[in-house]
Amino acid sequence: MKKYFVFFIISLFVMVSFSKKHPYHVGSVEMNYNSKTKNFEITGRFFLDDLENGLSKKYGKSFHFNDPKYKPQLNEALKNYSSEYFKLKTNNQFLKVNFVGYEEDSESVNVYLESESVSNPKKIEAAVSFLYNLFDDQINIVHIIVDGERKSEKLTYPNRYLYQQF
């Protein structure tokens, strides 16, 4: 009987530990300049539950990843959300950034964006505020890669602007 009690207590502890939300609100954005296509390929990676909640708060309705019936709604919401919470400027000129799509797994979502063509990006500025509408402790780690040179910066709410020179 004592073995069952110990097993029950351990099981309960494990279930409670895993049912809690993750304690950190962190996302990452990588902007990789493709010298062949002359555009930035952008990938944002966020916790699935955070992104669901951020979209729900922004648009006032429920969104659920890993449910095929929500795919069209998610595509439209992510397109609009990305255009509002991500801006890119190179050589003092704003670039049009297009939503390409997204991929999900059980814990995270990758959001794919692509900029219009730009030649020889030297001065890169970005405004990155993904999930700032949900958390006042959100951290976005931003990586910019141009011609193999990588520069990274941590943006912590409310700071959303970064500048890098290549």
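Since the structure is predicted, the reported quantities are computational estimates derived from the model, not experimental observations. (Residues numbered from 1 in each chain as written. Predicted model: local features only at pLDDT ≥ 70, side-chain atom pairs only at ≥ 80, totals over all residues. Heavy atoms only, no water.)

### Some details on the overall build of the chain
To keep things clear, this is the line we draw: Under the DSSP-based scheme used, a helix requires at least four consecutive residues in state H or I and a strand at least two consecutive residues in state E, with every element numbered from the N terminus. Classification of residues uses two cut-offs on accessible area relative to the type maximum, computed with a 1.4 Å probe and protein chains only: under 20% is buried, over 50% is exposed, and between them is partly exposed. Note on contacts: a residue pair qualifies if any of its non-hydrogen atoms lie within 4.5 Å across the two residues.
If you tally the helices and strands in the chain, you get three helices and ten strands. The order of helices and strands in the chain, counted from the N terminus, is α-β-β-α-α-β-β-β-β-β-β-β-β. The buried share among the 166 residues of the chain stands at 39%. The long-range fraction of contacts in the chain, counting pairs at least 24 apart against all pairs at least 6 apart in sequence, stands at 58%.

### As for the confidence of the model for the chain
The following threshold applies: Looking at any residue, its pLDDT shows the predictor's confidence there, from 0 to 100.
Of all residues in the chain, 87% attain a pLDDT of 70 or more, and the chain-wide mean is 89. Contacts from residues 1-20, a stretch scored under 50 in pLDDT, to residues over four places away or in other chains number zero contacts.

### Quick look at the nonpolar core
The criterion, for reference: The nonpolar core is taken to be a set of buried Ala, Val, Leu, Ile, Met, Phe, Trp, Tyr and Cys residues, with the residues joined through side-chain atoms within 4.5 Å.
Grouped together as the largest cluster of nonpolar side chains are 39 residues, with contacts concentrated most on Met 31, Phe 40 and Leu 51. If one sorts the elements of this core by residue count, helix H3 (residues 71-85) sits on top with five residues.

### Points about the pairing of strand S9 (residues 149-156)
Side-chain direction in a regular strand flips from residue to residue, so the side chains alternate between the two faces of the sheet. So the rule is basically this: Between any two strands, pairing holds if DSSP finds at least two bridges.
By the bridge criterion, eight bridges tie strand S8 (residues 139-146) to S9 in an arrangement that is antiparallel. Bridge assignment links Asn 140 to a residue of S9, and that residue is Leu 155.

### Comments concerning the packing of helix H2 (residues 48-59) against H3
Note the threshold: Fitting a line to C-alpha atoms yields each axis, with helices limited to the stretch in contact; the angle taken between N-to-C directions then spans 0 to 180 degrees. Angular relationships are summarised with four words: roughly parallel below 35 degrees, roughly antiparallel beyond 145, roughly perpendicular across 65 to 115, and oblique for the angles in between. When residue character is reported, Ala, Val, Leu, Ile, Met, Phe, Trp, Tyr, Cys and Pro are called nonpolar, Asp, Glu, Lys and Arg charged, and the others, Gly included, polar.
Running from N to C, H2 and H3 point in directions that differ by 85°, and their axes come no closer than 11 Å. Overall, the two elements H2 and H3 adopt an arrangement that is roughly perpendicular. From H2, Leu 51, Gly 54, Leu 55, Lys 58 and Tyr 59 reach across to H3, where they touch Leu 74, Ala 77, Leu 78, Asn 80, Tyr 81, Glu 84 and Tyr 85. For the contact of H2 with H3, the residue count by class is eight nonpolar, two polar and two charged.

### A closer look at unusual backbone geometry
With an omega dihedral of 5°, the bond running from Tyr 157 to Pro 158 counts as a cis peptide bond. Residue position: Pro 158 is located in the loop between S9 and strand S10 (161-165). Of note, Leu 131 is a non-glycine position whose phi angle comes to about 70°, a positive value. In this structure, Leu 131 sits in the loop between strand S7 (123-128) and S8. Phi angles above zero are rare outside glycine, and Asp 147 is one such case at about 50°.

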